[in-house]
Amino acid sequence: MTPESTSARRSRRIIAAFATTIAASLVLLGCAGSDAAPASDETSAGAVPAAVEAAVAAGYEGTSTLPPDSGPAPAADKNVWILSAFQQIHGLARLTEEVGAAASALGWSTDVCDGQNNLGGGWAACVRQAVAADADAIVLESIDCAAVKAPLEEAREAGVTVVSLTSFDCDDETQGGSEPLFDVTIDYIEGVTEPQTFFERMGKLRAEWIIARTGGAAKVLQVKFDGVAFGTYLAKGFEEGLAACEDCEIVSTLALTPADIPNIRQKFETALLQASDANAVSVDVDFMLTGGIQQALVTAGRDLVVAGGECGLDNLGYIREGGGQQMCIGNSLGHMAYAAMDELNRYFAGEEPALEGMGWQLVDAEHNLPPAGEDFDGPVDYVPAYESIWN
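All values derive from a computational prediction rather than experimental measurement.

Caption draft 1: How the structure looks around the pattern of salt bridges. If you walk through the whole model with that rule in mind, you get 14 salt bridges. Of the charged contacts, one joins Asp 375 and Arg 94 as a salt bridge, the two residues approaching to 3.7 Å between their closest N and O atoms. Of this pair, Asp 375 sits in the loop between β10 (361–364) and α12 (382–390) while Arg 94 is found in helix α3 (residues 90–105), placing the two residues 281 residues apart along the sequence. Classification of Arg 94 as buried rests on a relative accessible area of 14%. Between Asp 364 and Arg 213 there is a salt bridge whose closest N-O contact spans 2.9 Å. Of the two residues, Asp 364 sits in strand β10 while Arg 213 sits in helix α6 (residues 195–213), which places them 151 residues apart along the sequence. We classify Arg 213 as partly exposed; its relative accessible area is 39%.

Quick look at the structure:
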């Protein structure tokens, strides 16, 4: 393989970062308060709707709960293949580690395949390697169905169970709207049982936080991620959430695609200069901030309300230091991993899915910020809770 330049390697790393959104990234779950309909009571100009205030308060409180208190005994002698979109991404590497720990607690063996950001068809190759190795299950970490449809059909024919971690199935409209090929997903909390809802809720809560921080007078520069499935739902949720505020508006939209990633800072600086009336910035995904937006914000020095994405480790540092990004929406990758393995064990036992209690929390400098150098892991002591039902 021809050696890559430093800039090319940097571009590949940033491009791949969108895959972690659960893994973050996502990875992120809807707030119960975010489900509330727009306030029907009249509000004065510039006022924050009561439903928005309630949603933000609930977001700070968090929606995570303890996992189920009962479940089947661990299935015996299972081998699980963990297929990571790109192990060079911190969030995905950590999610892989946590899935392995959860599987080990169930007495299962694991193998890891790094899809290397689909370089040379790496994602499909990982699926086929798992099938050839007679895996009992494969876990797709931020690998959507359409990209590996044929190998997944082969896996289904071979009787291999397919588990989704923040991945979109083939029946989703962004994946072609064909037959679903996933067997196991996570029932996170009440009303959030699929990634579409997951990301819509994230976008909506970000909008609600901005409404509250601007006193119901948000003029937003929206930075959204085009050309990827979860970006569609993040933008949809944000736009619907902002519509609850009569005197709020999106004054400009910067739509970034994977091809734009090497030029994130330049494109954002131009958009920010043009959006002279903006008092807030919404950034769909945290890698966009680390890829240049954070530096541009600090250099610009404008008095802006800035909402970010899924609480990447660097982004938590930005919030702690002040300047630029001020908020993110965090969840526990560990809780997510254990929840996925619990759902898989229930599937093996022929039982129905259970609500896993995997919610989210708003994080800013005054609320829920973990110690420096630590990932966000949420308020729930989930490991002993799961081990108590597996042992």
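Caption draft 2: Seen up close, the sheet that holds strand β3 (residues 137–141). Strands sit in the order β2-β1-β3-β4 across an open sheet of four strands; the sheet is parallel. At either margin of the open sheet sits one strand with a lone partner, and together these are β2 (109–114) and β4 (161–165). The mean angle between the axes of side-by-side strands here comes to 20°, regardless of whether they run parallel or antiparallel. Alignment of β3 against β4, held across five bridges, turns out to be parallel. Paired with Ala 137 across the strands is Thr 161, a residue of β4.

Caption draft 3: Structural context of the state of the cysteines. With the rule as written, the count across this model stands at four disulfides. Here Cys 311 connects covalently by a disulfide to Cys 328, the sulfurs 2.0 Å from one another. Here Cys 311 and Cys 328 share a disulfide; its torsion about the S-S bond, 95°, makes the bridge right-handed. With Cys 311 in the loop between β8 (305–307) and α10 (313–321) and Cys 328 in strand β9 (residues 327–330), this pair connects stretches of sequence that are 17 residues apart. The class of Cys 311 is buried, set by a relative accessible area of 7%.

Caption draft 4: Up close: empty space enclosed by the protein. When its volume is computed, the largest cavity comes out at roughly 50 Å³. Lining of the largest cavity is provided by 13 residues; of these, Ser 64, Ser 332, Asp 377, Gly 378 and Pro 379 occupy positions nearest its centre. Size it by volume and the second largest cavity reaches roughly 40 Å³. Lining the second largest cavity are Ser 164, Thr 166, Ser 167, Thr 185, Ile 186, Tyr 188, Glu 194 and Pro 195. Taken together, the residues of the lining of the second largest cavity sort by class into three nonpolar, four polar and one charged.

Caption draft 5: Region of the structure containing the packing of helix α8 (residues 264–274) against helix α9 (residues 286–300). Between α8 and α9, the shortest axis-to-axis distance is 8 Å and the interhelical angle comes to 45°. By the criterion of interaxial angle, the relationship of α8 to α9 is oblique. Considering how the two elements wind past one another, α8 and α9 form a crossing that is right-handed. Between α8 and α9, the contacting residues are Ile 264, Arg 265, Phe 268, Glu 269 and Leu 272 on the first element and Phe 287, Met 288, Gly 291, Gly 292, Ile 293, Gln 295, Ala 296, Leu 297, Thr 299 and Ala 300 on the second. Class assignment for the residues of the contact of α8 with α9 results in nine nonpolar, four polar and two charged.

Caption draft 6: Quick peek at the pairing of strand β5 (residues 219–225). Here β5 lies mainly inside the structure; six of its seven residues are buried. As paired strands, β5 and strand β6 (residues 249–256) are joined by seven bridges and run parallel to one another. Residue pairing across strands places Leu 221 opposite Ser 252, the latter belonging to β6. Of the pairings in the sheet, the one linking β5 to strand β7 (residues 280–283) comprises four bridges and is parallel in character. Residue Leu 221 lies in a different strand from β7, and its bridge partner there is Val 281.

Caption draft 7: Focus on the confidence of the model for the chain. When pLDDT is averaged along the chain, the result is 89; 88% of the residues meet or exceed 70. A low-confidence stretch, residues 1–45 stays under pLDDT 50, and its non-local contacts, those more than four residues away or across chains, total 123 contacts.

Caption draft 8: Quick peek at the packing of helix α11 (residues 333–348) against α12. Between α11 and α12, whose axes approach to 10 Å, the crossing angle comes to 15°. In terms of their interaxial angle, α11 and α12 are classed as roughly parallel. Read as a crossing pair, α11 and α12 show a hand that is left-handed. The residues of α12 that touch α11, namely those facing Gly 334, His 335, Tyr 338, Ala 339, Met 341, Asp 342 and Arg 346, are Tyr 382, Val 383, Tyr 386, Ile 389 and Trp 390.

Caption draft 9: How the structure looks around α3. Taking 1.5 Å of rise per residue, 16 residues should cover 22 Å, and α3 covers 23 Å from first to last C-alpha, within 8% of that figure. What α3 keeps buried is the set Gly 91, Leu 92, Arg 94, Leu 95, Thr 96, Glu 98, Val 99, Gly 100, Ala 102 and Ala 103. Where α3 is buried, its residues contact β1 (79–84), β2, β3, β4, α11 and α12. With its phi angle positive at about 85°, Gly 107 sits one or two positions after the end of α3.

Caption draft 10: Broad picture of unusual backbone geometry. For Asn 117, which is not glycine, the phi dihedral falls at a positive 60°. Mapped onto the fold, Asn 117 is located in the loop between β2 and α4 (122–132). The backbone phi angle of Thr 166 is positive, close to 55°, even though this residue is not glycine. Among the structural elements, Thr 166 can be located in the loop between β4 and α6. For Thr 166, a relative accessible area of 9% corresponds to the buried category.

About the thresholds
Residues numbered from 1 in each chain as written. Predicted model: local features only at pLDDT ≥ 70, side-chain atom pairs only at ≥ 80, totals over all residues. Heavy atoms only, no water. Salt bridge = Lys/Arg side-chain N within 4 Å of Asp/Glu carboxyl O. Helix = DSSP H or I, 4+ residues; strand = E, 2+ residues; numbered from the N terminus. Buried < 20%, exposed > 50% of the residue type's maximum accessible area, 1.4 Å probe, protein only. Pairing = 2+ DSSP bridges. Axes fitted to C-alpha atoms, helices over the stretch in contact; angles between N-to-C directions. Disulfide = S-S within 2.5 Å. 1 Å grid on protein atoms, 1.4 Å probe; cavity = no way out; pocket = protein on both sides within 12 Å on 5 of 7 lines; lining within 4 Å. Points joined across faces, edges and corners; volume = space filled by probe spheres on them. Nonpolar A, V, L, I, M, F, W, Y, C, P; charged D, E, K, R; others polar. Parallel < 35°, antiparallel > 145°, perpendicular 65-115°, else oblique. Left-handed = near helix turned anticlockwise from the far one by under 90°. Contact = heavy atoms within 4.5 Å. pLDDT = per-residue confidence, 0-100. Expected span 1.5 Å × (residues − 1).

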